[in-house]
Amino acid sequence: MSQIEKYKRLLDNVREVVSLSQQEIEVFLSVVEVRLFKKKEFVLQSGDLCRNETFVNKGCLKVFYTDLNGTQHNVKFAPENWWSLDLESFATQMPAFYSIQAIEDSECFQISKMHHDWLYEKVPQLEKFAKLRYQNAYIMLQHRMTQSLFSTAEQKYDAFTRKYPGLELRISQKDIASYLGVTPEFLSMIRNKRQKHRIP
């Protein structure tokens, strides 16, 4: 398998935003590291430094925080073609607030903070790519905050299925419930209600 084939999903993700020459692609891929994470393995734990940004090639990760009562709150899922990091920790190199964990066996591509900054100098187009990605992430965060304030649980579930099509068939009901801010039992009621009203 050639490098282009191996990193096709990653390169397609970048090419959706910017164009890279063959030389720029080679520079970019020279600093990408392949990491395999087993299900339940941590990519990042709260309190550690976020030293890498992570692109999911296969599998799925979740981003969450744990409150003082020990309750886990999922804030984001990262299936194939999604990026994941604790942005504040990555940018400031201060301890991470969030944890990132594999919820499926996952193959990921990582770029370190050091190489990330170096790439901006060597391939300026990648700085444009990163800025647009962070901008989109901020917009998604705003939408999620608005949903949490004004949407019903059913509306939140509908938004989840649009944002992550098919993911409800791959991950646990407990993880989805945590993301929606409801109990697994209430989520089960929502899903059963949707099944009953589905047109054959």
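Nothing here was measured: the structure is a model prediction, and the numbers come from that model. (Residues numbered from 1 in each chain as written. Predicted model: local features only at pLDDT ≥ 70, side-chain atom pairs only at ≥ 80, totals over all residues. Heavy atoms only, no water.)

### Some words on the nonpolar core
In terms of nonpolar packing, the biggest core is built from 19 residues, with Leu10, Phe28, Leu29 and Val32 touching the most fellow members. Contributing elements (two or more residues each) for this core: α2 (8-15), α3 (22-29), β8 (106-112) and α6 (124-150). When neighbours within four sequence positions are excluded, Leu10 is seen to be in contact with Phe28, Leu29, Val32, Phe55, Trp83 and Phe109. (Core = buried A, V, L, I, M, F, W, Y, C linked by side-chain atoms within 4.5 Å. Buried < 20%, exposed > 50% of the residue type's maximum accessible area, 1.4 Å probe, protein only. Helix = DSSP H or I, 4+ residues; strand = E, 2+ residues; numbered from the N terminus. Contact = heavy atoms within 4.5 Å.)

### Side note on the sheet that holds strand β6 (residues 83-84)
On the basis of which strands lie adjacent, the open sheet formed by 4 strands has the order β1-β8-β3-β6 and antiparallel pairing. What marks the edges here is a single partner per strand, and that holds for β1 (33-37) and β6. α2 rests against β3 (52-58), β6 and β8 of the sheet, and its axis sits at about 115 degrees to β3. (Pairing = 2+ DSSP bridges. Axes fitted to C-alpha atoms, helices over the stretch in contact; angles between N-to-C directions.)

### Observations concerning the packing of aromatic side chains
Across all of its chains, the model carries 16 aromatic pairs by this definition. The interplanar angle of 5 degrees and the centroid separation of 6.4 Å between the aromatic rings of Phe55 and Phe109 together place this pair among those described as stacked. Of this pair, Phe55 sits in strand β3 while Phe109 sits in strand β8, and the two are 54 residues apart along the sequence. Each member of the pair Phe55 and Phe109 is classed as buried. Centroid distance Phe77 to Tyr164: 5.7 Å. Interplanar angle 85 degrees. Geometry classified as edge-to-face. Here Phe77 is found in strand β5 (residues 72-78), whereas its partner Tyr164 is found in the loop between α7 (153-163) and α8 (173-180), with 87 residues between them in sequence. Per residue, the accessibility class of Phe77 equals that of Tyr164, and both read buried. Cluster of aromatic residues (ring-pair linked, three or more members): Phe77, Trp82, Tyr157, Phe160, Tyr164 and Tyr179. (Phe/Tyr/Trp six-rings, centres within 6.5 Å; stacked < 30°, edge-to-face > 60°.)

### Regarding the side chain of Ser106
Among the structural elements, Ser106 can be located in strand β8. Given the relative accessible area of 4%, Ser106 is considered buried. At 2.8 Å, the side chain of Ser106 forms a polar contact with the backbone oxygen of Glu104. Non-local contacts of Ser106, meaning those with residues more than four positions away in its chain, are made with Arg35, Leu36, Phe37, Lys58, Gly59, Cys60 and Leu61. (Polar contact = N/O pair within 3.5 Å; in protein donor to acceptor, adjacent residues only side chain to side chain.)

### Brief notes about the packing of α2 against α3
Taken N-terminus to C-terminus, the directions of α2 and α3 make an angle of 120 degrees; their axes are 12 Å apart at the nearest point. As far as their axial angle goes, α3 and α2 are oblique. Once α2 is placed against α3, the crossing between them reads as right-handed. Contacts between α2 and α3 pair Leu10, Leu11, Val14 and Arg15 from the former with Ile25, Phe28 and Leu29 from the latter. Grouping the amino acids of the contact of α2 with α3 by side-chain chemistry returns 6 nonpolar, no polar and 1 charged. (Parallel < 35°, antiparallel > 145°, perpendicular 65-115°, else oblique. Left-handed = near helix turned anticlockwise from the far one by under 90°. Nonpolar A, V, L, I, M, F, W, Y, C, P; charged D, E, K, R; others polar.)

### Points about the pattern of salt bridges
In a structure, side chains of opposite charge can pair up when their charged atoms sit close to one another. Summed over all chains, the structure comprises 8 salt bridges. Ionic pairing is found between Asp12 and Arg15, a salt bridge with its closest N-O pair at 3.8 Å. With Asp12 and Arg15 both in helix α2 and 3 residues apart, the pair spans about one turn of that helix. The salt bridge involving Lys62 is made with Asp175; its shortest N-O contact spans 2.9 Å. Residue Lys62 is found in strand β4 (residues 61-66), and its partner Asp175 is found in helix α8; the two are separated by 113 residues along the sequence. Connected through salt bridges with shared partners, the residues Lys8, Asp12 and Arg15 form a single ionic network. (Salt bridge = Lys/Arg side-chain N within 4 Å of Asp/Glu carboxyl O.)

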